[in-house]
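Chain and residue survey
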Amino acid sequence: MLRSVVSLLLAISMFFFAGCYEMVSLSRIQYKKVNQYEQVNVLTDTSGTLTKYRFSKGMCVVQKDTLIGTGTRLSDVGEEHNVTVQIPVSDISLIEVSKLNLAETMMFAGAAVLVSVGAIFLAGAPGVSGGQGGGPPQNPQ
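The following refers to the structure shown. (Residues numbered from 1 in each chain as written. Predicted model: local features only at pLDDT ≥ 70, side-chain atom pairs only at ≥ 80, totals over all residues. Heavy atoms only, no water.)

A few words now on the overall build of the chain. Broken down by element type, the chain carries two helices and seven strands. Element order for the chain, N to C, with α for helix and β for strand: α-β-β-β-β-β-β-β-α. Counting all 141 residues of the chain, 21% fall into the buried class. Taking the intrachain contacts of the chain between residues at least 6 apart in sequence as the baseline, contacts between residues at least 24 apart amount to 54%. By element, 58% of the accessible surface of the chain is carried by carbon and sulfur atoms, the whole surface being about 10200 Å². (Helix = DSSP H or I, 4+ residues; strand = E, 2+ residues; numbered from the N terminus. Buried < 20%, exposed > 50% of the residue type's maximum accessible area, 1.4 Å probe, protein only. Contact = heavy atoms within 4.5 Å. Areas by Shrake-Rupley, 256 points an atom, 1.4 Å probe, with all protein chains shown as cover.)

Moving on: the nonpolar core. The tendency in soluble globular proteins is for nonpolar side chains to be buried as a group. With 18 residues, the main nonpolar core has Val34, Val40, Val42, Phe55, Leu67 and Ile95 as its most contacted residues. Among the elements of the structure, strand 2 (39-46), strand 3 (49-56), strand 4 (60-63), strand 6 (79-88) and strand 7 (92-100) are those that each provide at least two residues to this core. Ignoring anything within four residues of it in the chain, the contact list for valine 40 reads Val34, Tyr53, Arg54, Phe55, Cys60, Ile95, Glu96 and Val97. (Core = buried A, V, L, I, M, F, W, Y, C linked by side-chain atoms within 4.5 Å.)

Attention now goes to the packing of aromatic side chains. Per the counting criterion, the structure on display carries one aromatic pair. With a centroid separation of 6.4 Å and 10 degrees between ring planes, the pair formed by tyrosine 53 and phenylalanine 55 is classed as stacked. According to the relative accessible area criterion, tyrosine 53 is buried, its value standing at 10%. (Phe/Tyr/Trp six-rings, centres within 6.5 Å; stacked < 30°, edge-to-face > 60°.)

Bringing the pairing of strand 3 into the picture now. Bridge count for strand 2 against strand 3 is eight bridges, and the pairing is antiparallel. Along strand 3, the bridge assignment pairs threonine 46 with threonine 49. Count of turn residues in the strand 2/strand 3 antiparallel hairpin: two residues, of which serine 47 carries a positive phi of about 55 degrees. Judged from the three bridges that link them, strand 3 and strand 5 (residues 66-74) form a sheet pairing that is antiparallel. Considered in strand 5, the bridge of lysine 52 is made with leucine 74. (Pairing = 2+ DSSP bridges.)

A few words now on unusual backbone geometry. Unlike most non-glycine residues, serine 47 shows phi in positive territory, near 55 degrees. Within the secondary structure layout, serine 47 lies in the loop between strand 2 and strand 3. Exposure remark for serine 47: the relative accessible area of 82% places this residue in the exposed category. If you check the backbone angles, lysine 64 has positive phi at about 55 degrees while not being a glycine. Among the secondary structure elements, lysine 64 is positioned in the loop between strand 4 and strand 5. By relative accessible area, lysine 64 is classed as exposed at 72%.

Within this structure, the stated rule accounts for three salt bridges. Where glutamate 79 meets arginine 54, a salt bridge forms, and the shortest distance between an N and an O atom there is 4.0 Å. Of this pair, glutamate 79 sits in strand 6 while arginine 54 is found in strand 3, placing the two residues 25 residues apart along the sequence. Judged by its relative accessible area of 28%, arginine 54 falls in the partly exposed class. (Salt bridge = Lys/Arg side-chain N within 4 Å of Asp/Glu carboxyl O.)

Moving on, we come to the environment of asparagine 82. Along the chain, asparagine 82 turns up in strand 6. Residue classification places asparagine 82 among the exposed positions, given a relative accessible area of 67%. With near-sequence residues (within four places) excluded, asparagine 82 lies in contact with Thr70 and Gly71.

Take it as geometry only, folks, not as evidence of what the structure does.
In structure tokens form, the structure reads like this:
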């Protein structure tokens, strides 16, 4: 019984770290709210050179007409970490953000819990084996 309960608790605890995320593009009007998202990807195109920036939650903000933040810069040269940048909004081609889809996550976690509980009940109580008598088999002599 204890083993079944521990297994169920471990399976359920896994869902605290799982989530259904979706990537969406922001319009210029929505740029001001950029600091509330889990991950922010910014694509700039200056003079034909594409550069991508990746920021974690709370690591960038739009002040006036400039995005200010510290994150990772990905370019033709390579990847640079902990880069502090100030990007004019006019240079930004695209802002993609990652956000948690709470409805899908809750449905996914609920279905997994129901399947786990159903499997335990279908398997029967732990330690119970079929047959009547419940004792060891008799050896006639």
